Structures are given as C-alpha cells and as structure tokens.
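# A closer look at the structure
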Amino acid sequence: MAIELGLKEEQEMLKTMARDFLANECPKTFVRQMMDDEVGHSPELWKKMADLGWQGLVFPEELGGSAMNFRDLCILSEEMGRAVLPGPFYSTVVLVGLPIQDFGTEEQKQEFLPKIASGEIACTLAALEESGDLWAEDISVKALQRGDEYVINGTKLFVTDARAADYMLVAARTKRTSNPEEGITLFMVNAKEWGIYIQNMNVMDLTRKQYEVRFTNVPVSSKNIIGGLNEGWAVLQQIALKASAVLSAEMVGAGEMVTEMTVDYMKERVQFGVVIGTFQALKHRAADMHVLMEYSRSLMEWAAECVKEDHPDTEMAVAMAKSYCGDAIKFVTDAGVQLHGGIGFTWDHDMHLYFKRGRYNDTTFGDSNYYKELIANRLEANLI
Amino acid sequence: MVTGEAEQTEAFRKEVRDWLIANLPEKWGTPEYVAPERFSQEAQDLGISWTKRLYEAGYTGFNVPKEYGGIERPGWQQAILLEELSRRGTPPGPQSLGQLMVIGTLMGWASEEQKKRFIPKILSGEESWCEGFSEPNAGSDLANVQTTAVRDGDEWVVNGQKCWTSMWKFADWSLLVTKTDPNAPRHRNLTYFIFDTTTPGFSRRPLQQMTGESEFGEMFFDDMRVPHENMIGEEGRGWYVAMTTLAAERSGGGGAAAAAMGLSGYGGLIVRTLGGVDSLIELAKKTKRYGKSLWDDVTFRQRIVQIAIENQASRYYGTRLGIAMRKGTASGNEASIAKNSQAEQRKRQGDMVMEIIGAYSQLMRGDPRAIDGGEQVYNMIRSRGATIEMGTSEINRNIIAERILGLPRA
Ligand SMILES: Cc1cc2nc3c(=O)[nH]c(=O)nc-3n(C[C@H](O)[C@H](O)[C@H](O)COP(=O)(O)OP(=O)(O)OC[C@H]3O[C@@H](n4cnc5c(N)ncnc54)[C@H](O)[C@@H]3O)c2cc1C
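The numbering scheme is per chain: residues are counted from 1 as the chain's sequence reads. Chain A is the first chain written and ligand 1 is the first ligand written, with later ones labelled in order. Whole-chain, interface and lining totals are the exception, using all residues; otherwise, since this is a predicted model, local features are given only for residues with pLDDT of at least 70 and side-chain atom pairs are given and counted only at 80 or more. Excluding hydrogens and water, the side-chain figures rest on all heavy atoms present in the structure.

Looking only at helices and strands, chain B features 13 helices and 10 strands. Taken over the C-alpha trace, chain B has a radius of gyration of 22 Å; the compact-globule value for 410 residues is 22 Å, and the two agree within 12%. With the C-alpha coordinates aligned to their principal axes, the bounding extent of chain B is approximately 75 × 50 × 50 Å. Considering only intrachain contacts with a sequence separation of at least 6, the fraction spanning at least 24 residues in chain B is 70%. The Shrake-Rupley method, run with a 1.4 Å probe sphere, supplies the accessible areas, and residue values consider only the shown protein chains as cover. In the structure as shown, chain B presents an accessible area of about 17,800 Å², 50% of it carried by carbon and sulfur atoms. Taking the 49 positively charged and 52 negatively charged side chains of chain B as two groups, their mean positions are separated by 5 Å. Helix and strand definitions follow DSSP, with helices as H or I runs of at least four residues and strands as E runs of at least two, each counted in order from the N terminus. The atom set for the radius of gyration is the C-alpha atoms, and the globule formula is 2.2 Å times the number of residues raised to the power 0.38. Here a residue-residue contact requires only that any non-hydrogen atoms of the pair lie within 4.5 Å. Lys and Arg are tallied as positive, Asp and Glu as negative. Neither His nor the chain termini are counted. Lys charges are placed at NZ, Arg charges at CZ, Asp charges at CG and Glu charges at CD.

The next point concerns the site of the ligand. The ligand sits among 18 residues. The nearest are B:Ser134, B:Ser140, B:Trp164, B:Ser166 and B:Thr392. Summary of the distance rule: residues count as near a molecule or strand when at least one heavy atom falls within 4 Å of that molecule or strand. Looking at the residues close to the ligand, they fall on chains A and B. One of the backbone nitrogen or oxygen atoms of B:Phe133 is found 3.1 Å away from an oxygen atom of the ligand. Between N or O atoms, a polar contact is any pair within 3.5 Å; within protein, one atom must be a potential hydrogen donor and the other a potential acceptor, and residues adjacent in sequence are included only when both atoms are from side chains. Residue B:Asn398 places a side-chain N or O atom 3.1 Å away from a nitrogen atom belonging to the ligand. For the ligand, whose free accessible area comes to 960 Å², the fraction covered by protein is 69%. Along the lines of polarity and charge, the residues of the shell around the ligand split into 5 nonpolar, 9 polar and 4 charged. Looking at the shell around the ligand, you find at least three residues from each of domain 2 (128–248) and domain 3 (273–404) of chain B. Gly falls in the polar group here, along with every residue not listed as nonpolar (Ala, Val, Leu, Ile, Met, Phe, Trp, Tyr, Cys, Pro) or charged (Asp, Glu, Lys, Arg). All domain edges in this entry derive from an automatic or database-based domain assignment.

Moving on, we come to the domain arrangement of chain B. All names here are of chain B. Under the domain assignment, chain B is made up of domain 1 (3–102), domain 2 (128–248) and domain 3 (273–404). Across the boundary between the two partners, domain 1 contributes 12 residues, which contact 13 residues of domain 2. Put simply, buried area is how much 1.4 Å-probe accessible surface two parts lose in total, over both of them, once they are put together. Note on domain 1 versus domain 2: buried area summed over both sides is about 1,200 Å², and carbon and sulfur give 64% of it. A per-residue breakdown of the area domain 1 buries against domain 2 is headed by Phe39, Met101 and Val102, which together make up 50% of the total. Any Lys or Arg side-chain nitrogen found within 4 Å of a carboxyl oxygen on Asp or Glu counts as a salt bridge. Taken together, the links from domain 1 to domain 2 amount to 1 salt bridge. Residues glutamate 213 and arginine 38 are paired through a salt bridge, measuring 3.0 Å at the closest nitrogen-oxygen approach.

For the rest of this paragraph, the subject is the interface of chain A and chain B. With 41 residues of chain A in contact, the opposing surface of chain B contributes 47 residues. Together chain A and chain B conceal approximately 3,900 Å² of surface at their shared face, both sides included; 66% is due to carbon and sulfur atoms. The tally of links between chain A and chain B comes to 6 salt bridges. In this structure, A:Lys283 and B:Glu402 form a salt bridge, with 2.6 Å as the shortest nitrogen-oxygen distance. For the pair chain A and chain B, the number of links is 18 residue pairs in polar contact (both at pLDDT 80 or more). Elements with a minimum of two residues in the side of chain A that touches chain B: α7 (232–268), α8 (280–309), α9 (314–340) and α11 (368–383) of chain A.

On to the packing of α7(A) against α9(A). Axes are the key here: two packed helices are described by the angle between their axes and the distance separating the axes. Residues and elements named next belong to chain A. Contact geometry of α7 with α9 gives a least axis separation of 8 Å together with a crossing angle of 25 degrees. If you check the angle between α7 and α9, you find them roughly parallel. Between α7 and α9 the crossing geometry is left-handed. For the contact of α7 with α9, the class distribution of residues is 16 nonpolar, 10 polar and 2 charged. A fitted line through C-alpha atoms serves as each axis, taken over the contacting stretch for helices, and the angle formed by two N-to-C directions is quoted from 0 to 180°. Any angle that is under 35 degrees is reported as roughly parallel, and any over 145 degrees as roughly antiparallel; angles of 65 to 115 degrees are reported as roughly perpendicular and all others as oblique. If you view the pair so one helix is near and one far, a crossing is left-handed when the near helix is turned anticlockwise from the far one by less than a right angle, and right-handed when it is turned clockwise.

This brings us to the packing of aromatic side chains. Any two of the Phe, Tyr and Trp rings considered here, Trp counted by its six-membered ring, make a pair once their centres fall within 6.5 Å; the pair's planes then place it as stacked at under 30 degrees, edge-to-face at over 60, or tilted in between. All chains considered together, the criterion is met by 19 aromatic pairs over all chains. Here A:Phe21 and A:Trp54 contribute two aromatic rings whose centre-to-centre distance is 5.0 Å and whose plane-to-plane angle is 75 degrees, an arrangement assigned as edge-to-face. Residue A:Phe21 is found in helix α1 (residues 9–25), and its partner A:Trp54 is found in the loop between α3 (43–51) and α4 (70–82); the two are separated by 33 residues along the sequence. Members of the aromatic cluster, connected to one another through ring pairs, are B:Phe12, B:Trp19, B:Trp50 and B:Tyr59. Between the NZ or CZ atom of B:Arg38 and the centre of the ring of B:Tyr378, over which it lies, the distance is 3.3 Å. Charge-over-ring placement is defined geometrically: NZ (Lys) or CZ (Arg) within 6 Å of the ring centre, and within 35 degrees of the ring normal. Sitting above the plane of the B:Tyr240 ring, B:Arg237 keeps its charged end 4.4 Å from the centroid.

Here the focus is unusual backbone geometry. Residues and elements named next belong to chain B. One non-glycine residue, methionine 167, adopts positive backbone phi at about 60 degrees. You can call methionine 167 partly exposed: its relative accessible area is 23%. Phi is positive for tyrosine 290, which is not a glycine, with a value near 45 degrees. Along the polypeptide, tyrosine 290 turns up in the loop between β9 (288–289) and β10 (292–293). The buried label applies to any residue whose accessible area, calculated with a 1.4 Å probe on protein chains only, is under 20% of its type's maximum; exposed applies above 50%, and partly exposed to all values in between.

Ranked by size, the top nonpolar core spans 143 residues in total, and within it A:Leu73, A:Phe89, A:Leu236 and A:Phe365 carry the most contacts. Ranked by residue count, the leading element in this core is α7(A), at 17 residues. A:Leu73 has contacts with A:Leu57, A:Val58, A:Phe89, A:Val93, A:Val94, A:Leu98 and A:Val246, leaving out every residue within four places of it along the chain. In this text, buried Ala, Val, Leu, Ile, Met, Phe, Trp, Tyr and Cys residues form a nonpolar core when linked through side-chain atoms within 4.5 Å. The next biggest cluster of nonpolar side chains, apart from the first, holds 29 residues, and it includes B:Ala143, B:Leu175, B:Val241 and B:Leu246.

Residue and element names in this part refer to chain B. Interaxial distance between helix α11 (residues 335–357) and helix α12 (residues 375–386) falls to 8 Å at its minimum, and their mutual angle equals 150 degrees. Considering their axes alone, α11 and α12 lie roughly antiparallel with respect to each other. Taken as a pair, α11 and α12 cross one another with a handedness that is left-handed. Two secondary-structure elements touch here, α11 through Lys339, Ala343, Arg346, Lys347, Gly350, Asp351, Val353 and Met354 and α12 through Gln376, Val377, Met380, Arg382, Ser383, Arg384 and Ala386. Taken together, the residues that form the contact of α11 with α12 break down as 6 nonpolar, 3 polar and 6 charged.

Below, the structure is given as structure tokens:
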C-alpha cells in the first residue's frame, strides 16, 4: 500500500504557497482580462511561475526542474483550478512536457525540458480533429516523409492555447494499416512555421482558449518525433491518462472553491428576514455539494498517487476519478448558480467561470460516460 | 510501487484467505449451505462462535490497546481483512454492533476497570450489547428522552421505555440514556448508563420490521435498579457520551474514540459493500431480458459502474478520514458523510439487483424460485432502514451543513 492520501508537510507548503501566489497574481480581475485577450497568456505571470519552478516542477534538476512528483503537480493543479488560472500551463506542462519526459530521447529532453522549465517556451498538443474525440480512427492529418523531414497537412480542432504556443505536439498519420492505432506519429512542430494557420474557436470557457489549427505543407525534422515513428497512439493514451488525473485535480480545486463561495453567500444573503443558510432545503444542497467534493477528492488523490507510483490500478483509478469528478463538478457548479439566485446568473459574478471551466474539464479527454464504459470493460476483464 | 510493502500486503492477504478457507462453516458460500433463520438462537450461536474465532486468530480489536484485549495491528491489515471478509461473506457477528459503538464509547469515557471488564468480552464474542437510545418521542430528537433515572443511595432507579432497539433479543448488556434532572437545560439533563439485561424490572419484546423480522425490539424499565458504578461519564453529561457513541457507530467502529487514540478509523461499514460489485456484474451478464444480456445494455452497465465508483470513493474517503483522525485534524462530524453515503449506496445497490432480477425481485425466502434464497430482496428492503438508523440522512445532512460548513442552526 504505497498509496498515500492526505498531504505531507512539504505538500501542505506547496499548496499554501500556490494558493497565496495565485490569490495575488491571478485575481478574478486578471482572469477576466485574459478572457478578453485574444491570446489569453500573460508573459509576466508565466515568468513569475517559472521563477517559482512550476513549469519544471516534475522535471529532473539537471534539466532545470524541481524533481518533484506527479502528486505535487496535482496539488498545484488543484490550486490552479481553484483560481481558474488562464494561460498555457496545463497545455505546456501536462500535454507536452510530460510526454517528452516519458517518451522523449535524451536529446529531445535536453532540448525542450529546460526551455519549458525556464518559461522560455509554451507548448500545446494538437490531437483532436473533426470528431472531437481522442480516437485513433479519427486521426487523419497526414505527415509524409520528404528526405529526413516530414510534411504535415490537415486540420486540427480544439487545440488549447495554440496562439500562446511556441511548439505544438502534433498527432499525424504516417502510415495507414487495418489497425488505426498503428501508424500515428507525434511531432514537435515549431508553431511559428509558415503554413500554420490558427483561428479562434468561439468557446464557452474563455479562460482556456481553443483553436482550429490548419497545417499546409508544414515541415518538421524527423528528429522531432516523440515516442517513435508510427507509435504515437501509446503516447497519446499516456497523455490522456495523466491529463485526466490533472483535470480531476482542477475540478476538485474548483468544486471546493464553488462550495465555499456558496456557503459564504448563504451566510450573508438575507431573504424573509433571515440568512438563506437557515433554509434547510439549501443546507441540504450545500451538504450534498460538500460530500460530492470530499468523495471527488478521495478518488482524485488515489488516482494521482497511482500515477505517481505507476501502480497497476492506475488506469482504473484515473477513470473513476475523472468520471466521478466530472459528474460532481456539474452538480456543484449547477447548485452554485442556483443558490446564488439572479446574481449567480450574471456575467459579472464569478460563478459562471467555474461553471464553464467545469464543463471543459468534464468533456476533455472523455466525459464521465466515456470513462464509465472504460471501467466497465476493465471490471468485466477482472472477473475472470 | 514499493515492492516490500506490496509483498507484505499480499502475504497478509494470503494469510487471511487461507484462514478463511480453514475456518468458515462447512459448505459456506456453496448452494448447499443452509443459513440459520435470521435473528434465531442458532444464528446468534453461529455469530458468537464466528466472533470468537476471529478473536482467537487476532483479527479483531485492531484499534484497541492490548491491555483491553486488542491487537494494535496496523490499519492496512484491518483494511485487507475487512476486504477479504466482505469478499467471502461471513456469518453475521452479533458483536458487530457492540464493536462499532460500545468500544468507542468505553474508550472515550469509561473508567479503567470498566474498560478492562467489558472490552475484552465484546471482542471475544462472550457478551453481546445493544443500544437503548431511541424512544417513541425521541428519535432524531434524542435529547428529548423521557426515560428517567432517580438516584437512591448507591443505585439509580430507572423507569420508562426504549424502542427500535437493534439486537435487543440476545443482548447481555445495553447502553442507556436517561433523563436525570428535569430542571436542567436541554443537553445538560441526561445521564448515561450501562445495564445488565438480567436486572429485575427490565423486560423486552419484539417489534416487527418491514422485512418481517424483529431485528429491533422494545425495552421497558419498571423500577429497574442500576448500580451507580455503571454510570458512564458524569451525571448530567449523558448527551456528550451519547454523541461519542453515535460518532463511533457512524464512522463504523473508529469514531471519536479512535480519533482520541490517534488510530485508524477505517470502518467496517465502509468496506462492507465493496464485495458486491463483482457479483452484480456476474448477475447482469447472465441475466437475459427481452433477448439480450443486461450487461450489454449501456444504461444498466453504467449504473453498475457508478456503484463501483462510489464504493471506491467511500473506501478512499474512509482512508482519508482515518489519516485525518490520526493527525487530529478531524472533528468527528465527518462520520456523517461516510454514514450517509454508505446508506444511500446500499439502497441504490439493492435497487439495482432488483432491476436485474426483474419478476424474481418479488420472491422472498421460502419460495423455491427466490434468487439467492431471497437474500437479495431482504437486503433491498433492509437497506431502507439504513438511511434511518444511526441518524437519518436528513439529520446527517444537518450535521454536515451546520457543524462542518458552519451554516446557522435552525
Ligand atoms: C433498522 C433500525 C435500527 C435501529 N436501531 C436502533 C438502536 O439499536 N438503538 C436505538 O436507540 N435506536 C435505533 N433505531 C432508531 C433510530 O435511531 C431512529 O428511528 C432515528 O433516529 C429516527 O428517529 P424517529 O424514528 O423518531 O424519526 P423522526 O425523528 O420522527 O423522523 C421522521 C422524519 O423526519 C425527519 N426529521 C426529523 N427531524 C428532522 C430535522 N431536524 N431536520 C430534517 N428532517 C428531520 C427524519 O429525517 C425523518 O425523515 C433504529 C432504527 C432503524 C430503522
């Protein structure tokens, strides 16, 4: 039982430090400024985060990192979810940094990880296409070999923070066989190349921008293949696994914040001559919110620990956490709006930021229903 | 993963599995096994001998200090043990209720002699207990108990009635909350006792439940004399002792006393439902309705999965709670969270089985076609009591809202 729930002293410190920092540097005024901004990325904040060692949190020290672990990254992500942090931290670190660390060659790690850690570059993953799902069959953007480079053509959708990115990890088809999971390759592509055309998608959650990215004859060196030619699907699955754990952590941070905001409001809002927190129907709703978040946290911490330990239960744990947190965040943010009444429905109130981010977190890399199917398969396989 | 630890846990798991094979009643878990009638003398005897076996093997009293008959073994062993017990299913221990709440209460409030006198016999199965709290007009509003105790020299004279008392029939001892000061304010007027059920002036009778059985009953006190030394805590402090009992039973045996001792609160309740999911899946797979297996129906499948997820969530919530108790950061009110979720899940799980077995969900024990000898239907009906006993779901939500979230009291 190497799974350790709860927080150790250093982890408590990390959490407090992150909470204080984000309270100062990422107040809702800043979040809203970023929502209005086309790129949604503040280089100043990016630099300050790098100075704290956040982008390189889990990278080894010799590559400019802080050599902390995946659980620590989730603790940080909880706080980011709580603050609805805009900008490319998640895209850069979770969607690109981690797979380079897990699958990259020594040279690739040397080349990219120190730059991520120092805040010199931001990155993102370009994987989804028309279907919007991470499904091998649906990947049809092509990369054709030309000498010792490849040329990419096609359109990616739902690419987070593409305008902020200096590099995109692009999933492209390099071979077509009867097995769609074979023949996918991941390329680290310089986002400033000619032939890359980025267009906003008009997304609900403006704190996490998403784009359509069109590739027209975009060249990339074969040295920039991450995880082996035609073997990108395994990398994508690993990205989805870790990202789902991180997204769960964000949901826990956000959901706890929404519960606190709602309970605080119930203690001050007066109707019928009493604070609305006196009404039992509302108390019970608040109690349900709290319980859902406690259970979400329990599964999320289990999942994060499993990833950290590379435990045999990892896939199951992450699937359960992502599915449960996805349902929970929808319940909690819905109740959050409802219990605030009219003001909760306004743009000026912050509740909708959490409501919308919650929807993003649930949908991304498979919603709660998707994960339930995955769990069903595993449970069935475990029977025998 | 730290391999040393994994090997240790697997070794312990194997030890428990081997022990279970050697010690469970003959034919246990096979269709030939005939379980004794619930709440019969035979069932009681089976429970006692089972409890004794567990005790002798060193599998009970994980949280309890050695001088009171406990074993002080690590919490992870308890977790594995409970998992294995729930996986195999075991005879119901009559002491489970005693272990859940009496030990917690005694650890928190009893004198040294009382702990030494009573706890080992609870663990070994020698003495069974019940809980005399509720009365016809004092259920959720426990502070309103009307049973009185009046001091007379070295004794207290008790008059009144308790109801819905689980395990009433075979209890050798009972917990008892009485009103001792009619003039003191609410919550300061109660005193807590334990009493021997062979005491003159005590009588009891069954109350039939919607299951058809009489798991609970009524207790009557007619000038029953309880020695002063059987008071638990101080005179007028009974409310606070009762709160310890409730927290202990809600958290499944750890409770406030475990928090006080800094030990694992990994409770029996939390684990008990874990074993169920595999059998739900098996049942759904082999059940064909309207031409296809229920497991092939996405809606069914996903609802079973949801139960599996919630069971895991409870499990890890329990682990977190145990850690918080050890660190001293838990208030004890968290038990309401675990209790409520468990009870609600038990209902949903029960309903799920009914949906799967369809028309057969109507057949009770005694009908030759009843599934699992009617056990599943019984469980579904019995689960309705789960959201009422140990504080109703509504009361526990009040506790969460008021004592954890700090919302104003009504
Ligand atoms: C299977 C079973 C076993 C039991 N075993 C024992 C035992 O061993 N020992 C023992 O002492 N008792 C036992 N009880 C009794 C149990 O503790 C009480 O039934 C329970 O506390 C509810 O009290 P009540 O029945 O008086 O219902 P009431 O308190 O009258 O409640 C009726 C309804 O009103 C709701 N309600 C009441 N007050 C509030 C409030 N403030 N806010 C919102 N809703 C409220 C309740 O939730 C419930 O839905 C057992 C009960 C059951 C079902």
